Every structure is written in C-alpha cells, then in structure tokens.
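Structural overview
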Amino acid sequence: MLEHVIGSTHFPSIGQYKERLLAKVLRDYLPRTIEVGTGFVLFPCPLEKGVDLENFDELNQASFQPSRQCDIIVFDSSTVPVIFRDDDFVVVRPESVKAIIEVKGSLTSKGLRDTLENAIEFGQKWRQTQQFYRDHHQEQANRPGLFLMAWQVKTNRTGHRQITPSRTREIIASTYRNHLLADEADAFPLLEKVLVYDDFEITNCCYMSENPSETGFEYAEGWASDEGRYLRSVSNKDKFEWQGDKTIATLLASLHYQLNRSGFNRFFSYTDEIRHLPNISSPKIGFSPTWIDLPSEQFRRINSDRLIEDSDNS
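The shown structure was predicted, so the numbers you read here are calculated from the model rather than taken from an experiment.

**Here's the deal with the overall build of the protein**
When you go through the protein residue by residue, the secondary structure sums to eight helices and 13 strands. Looking at the protein residue by residue over its 314 residues, the buried ones come to 43%. Counted over contacts in the protein with a minimum sequence separation of 6, partners at least 24 positions apart contribute 70%. Total accessible area on the protein is roughly 17,700 Å²; 49% of this is exposed by carbon and sulfur atoms.

**A closer look at the confidence of the model for the protein**
When pLDDT drops low, the exact placement of atoms in the prediction is not to be read closely. Across the protein, the average pLDDT comes to 88, with 86% of residues at or above 70. By mean pLDDT, helix α1 (residues 2-6) is the weakest element of the protein at 56, and strand β8 (residues 191-196) is the strongest at 98.

**So, the pattern of salt bridges**
Under the counting rule described, the total for this entry stands at 21 salt bridges. Two residues, R68 and E121, come together in a salt bridge whose shortest N-O distance is 2.9 Å. Residue R68 is found in the loop between β2 (63-66) and β3 (70-76), and its partner E121 is found in helix α3 (residues 109-135); the two are separated by 53 residues along the sequence. We classify E121 as partly exposed; its relative accessible area is 22%. Across the pair K284 and E227 runs a salt bridge, and its minimum N-O distance is 3.6 Å. On the criterion of sequence distance, the pair formed by K284 in the loop between α7 (266-269) and β13 (286-292) and E227 in strand β10 (residues 219-227) is long-range, its members being 57 residues apart. Taking the relative accessible area as the measure of exposure, E227 reaches 2% and is therefore buried.

**Description of the packing of aromatic side chains**
Across all of its chains, the model carries twelve aromatic pairs by this definition. Ring geometry for Y207 versus F287: centroids 4.5 Å apart, planes at 15°, classification stacked. Separated by 80 residues along the polypeptide, Y207 in strand β9 (residues 200-208) and F287 in strand β13 bring together distant segments of the chain. A relative accessible area of 15% means that F287 is categorised as buried. Measuring from centroid to centroid gives 5.3 Å for Y257 and F264, while their planes differ by 85°, and the two rings are edge-to-face.

**Considering the pairing of β8**
Burial analysis of β8 places five of its six residues in the buried class, which makes it a mostly covered element. Relative to β8, strand β7 (residues 145-153) runs parallel, the two sharing five bridges. Bridging from a neighbouring strand, L146 pairs with L191 of β8. The β-α-β motif built from β7, the intervening helix α4 (residues 165-179) and the parallel element β8 has right-handed crossover chirality. Both β8 and β9 contribute to a ladder of four bridges, which runs antiparallel. Note that in β9 the partner of K193 across the bridge is T203. The antiparallel hairpin formed by β8 and β9 contains three residues in its connecting segment, where D198 sits at a positive phi of about 55°.

**Some thoughts on the pairing of β3**
In terms of burial, β3 is largely enclosed, as six of its seven residues are buried. Relative to β3, strand β1 (residues 34-45) is paired through five bridges, and the arrangement is antiparallel. Among the inter-strand pairings, V36 is bridged to a residue of β3, identified as V74. Pairing geometry for β3 and strand β6 (residues 97-107), over four bridges, is antiparallel. Each bridged residue has a counterpart across the sheet, and for V74 the counterpart in β6 is A99.

**Some thoughts on the nonpolar core**
Core analysis: the biggest nonpolar cluster contains 41 residues, and I73, L107, L112, I172 and Y176 have the highest contact counts within it. A per-element tally of this core places α3 first, with six residues. Those residues within four positions of L107 in sequence are excluded, and the remaining contacts are L112, L148, A150, Q152, V153, K154, I163, T168, V194, V196 and F200. Residues A99, I101, L195 and L255 belong to the second largest nonpolar core, which totals 19 residues.

**So, the environment of S233**
In this fold, S233 is placed in strand β11 (residues 229-233). In this structure S233 comes out as partly exposed when scored by relative accessible area, which is 32%. Residues S233 and Q243, spaced ten residues apart in sequence, show a C-alpha to C-alpha distance of 9.3 Å.

**Things to note about unusual backbone geometry**
Outside of glycine, negative phi angles account for most residues, and trans bonds account for most peptide bonds. Here A187, not a glycine, exhibits a phi torsion of approximately 65°, which is positive. Along the polypeptide, A187 turns up in the loop between α4 and β8. In the Ramachandran plot, D198 falls in the positive-phi region, its phi being about 55° despite a non-glycine side chain. With respect to the helices and strands, D198 occurs in the loop between β8 and β9. Residue classification places D198 among the partly exposed residues on the basis of a relative accessible area of 35%.

Criteria and thresholds
- Residues numbered from 1 in each chain as written.
- Predicted model: local features only at pLDDT ≥ 70, side-chain atom pairs only at ≥ 80, totals over all residues.
- Heavy atoms only, no water.
- Helix = DSSP H or I, 4+ residues; strand = E, 2+ residues; numbered from the N terminus.
- Buried < 20%, exposed > 50% of the residue type's maximum accessible area, 1.4 Å probe, protein only.
- Contact = heavy atoms within 4.5 Å.
- Areas by Shrake-Rupley, 256 points an atom, 1.4 Å probe, with all protein chains shown as cover.
- pLDDT = per-residue confidence, 0-100.
- Salt bridge = Lys/Arg side-chain N within 4 Å of Asp/Glu carboxyl O.
- Phe/Tyr/Trp six-rings, centres within 6.5 Å; stacked < 30°, edge-to-face > 60°.
- Pairing = 2+ DSSP bridges.
- Right-handed = clockwise from strand over helix to strand, strands pointing away.
- Core = buried A, V, L, I, M, F, W, Y, C linked by side-chain atoms within 4.5 Å.

Listed below in structure tokens is the structure:
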C-alpha cells in the first residue's frame, strides 16, 4: 500500500517501513528476554600504536571499532547492558548479539554482493575481537547468525528475474571461497540464510553427495537452495502445490535455535500441513559447494562457534 501511495518518491522510507514490519514480527514471536533493534555493534580491539600509557587504565586494554550500521540486531540485554540506546536505536556489545538481519526490498546480484561484503567485514571484526578476548583472558562469545531477508527478486522491464536461486547460492559459495580459508573459519560468523519472501531460501549446510562421480566430491560445506513456500494439499488430496510463504517461519525457527540450541524444540518450530511429504521436487532446489572433501578438523573449524586452539586438534 505504501509503495502504491508514494511510488518512487522516497525508496528509503519504504525500506525502513519494511524493516519495522519485520522487526515487529520478531518482537512478537521471540522470547521477552530478547530485544530487536537497529544500530551498531561495538568491537573491542588491540590498542592503536602511539597511545600515551602514562595514565593508562590497565583494566581497559582496548580501542574500539564499530560495525557498519545493521538493519536489525537481535540481542540479549537481560544480562549484558547496552552501550547506547535511543528507542530502538542501539549500540551493543558483541556478547549480547544473537543475530544480524539485513533487509532488502528487492534482491539483485549487486545487492547480494553488497550484503556479502558487509557480512565478511562483520565476520572479520567479530573473529578479531574473539582473538583479542582470548589473549586478554576475557570470555569469548558464541558467534551470531547472519541473515538476509528480501521481499522479492527484482525484475527488469520485461519481467525477467535479475537473480535466481542457483545464481544466489553460487555467488555466496564463490565469495566465501575467495575470501575465507577453512583454517580461519572458526568463530567466523557466516551468512547463514538468504530468504526471499514467498519465493526461495538459501541455507549454509554440510552436504554429503550420493553420487561423488557426478558431483566431484563426497562431502562439502556450502549453500543449498530450497523452496520458500510450503507444500500444501489442495482440493484433491492426491494433489499438492507450493503455496503460502515459509520464509518468515524459517527465520523465526533459525532464531529460536540460535537463542537456545540445547532446548530447541523442533516439534513446535517446524510445522506444516503435510506430515509425510510426497517426493515432489522443485527447480529451486540445489547445492553449491565452497569447501569440499576437507579433513574433519577443518570442517569442525568451519562449524565452531569459538576459536579452536591448535592444541584442541589432539
């Protein structure tokens, strides 16, 4: 309705409104101890060179660097105080952050690459902070989930989609392959999911190939694409159709798992009309590898929330 009323007069207003809509849904369905805001994460880092140490506070051995502005920050303020707050605008500590969500009105290849650039920069700062914490005997924090939520795929004047599920996962997989070594992936937050409303989902996952001779690998870490809609029965019970958005439910389930992995209840978080799914495929389903056939230790690093010491390898 807002797009119809103001058209292309001011796209930022439409974008901010969509962020508020999503933030409201998250507040309604996340635990009350969890807050949803927008703003910055402030990362402690080693002192800059040339700092005057004459009156130096030995208990505060850090400089600080902010993240880029985050559309939506999901954080826990029940035990970790915020640094700054003005309504829903916040500056928070890394250890309070549970998830970062970037919101886009229309997904394009350029927009996806911009999100990946932001995600990789965030991941680098996060991992550097955990190294700084470890070196100064400060408790490390579990890495947060990074998500991209888009409301649609952008089309050109002829109605042609500017990006497809397969192209989306390929861009993500190749970007991480080119910018991140498996040996440096421990404690590095990855882009966990890309969700396009009522369309498709991309998920970071480990994949075991049933036919290595065709895929070229036996197992891999990468990104898989899937339907963003539910498979539902229609009037004829033997007929099924993809209909009804699933991406918001997927996002909520992912956040529930991020907040409480040991107590995550899949029986409530994953619900659908179909209990026994028929073998119905979709052209949106596929997988793009980033790291293939790595030793188990490297796969463990990729999926580790915290820094793995070399001594842990034994």
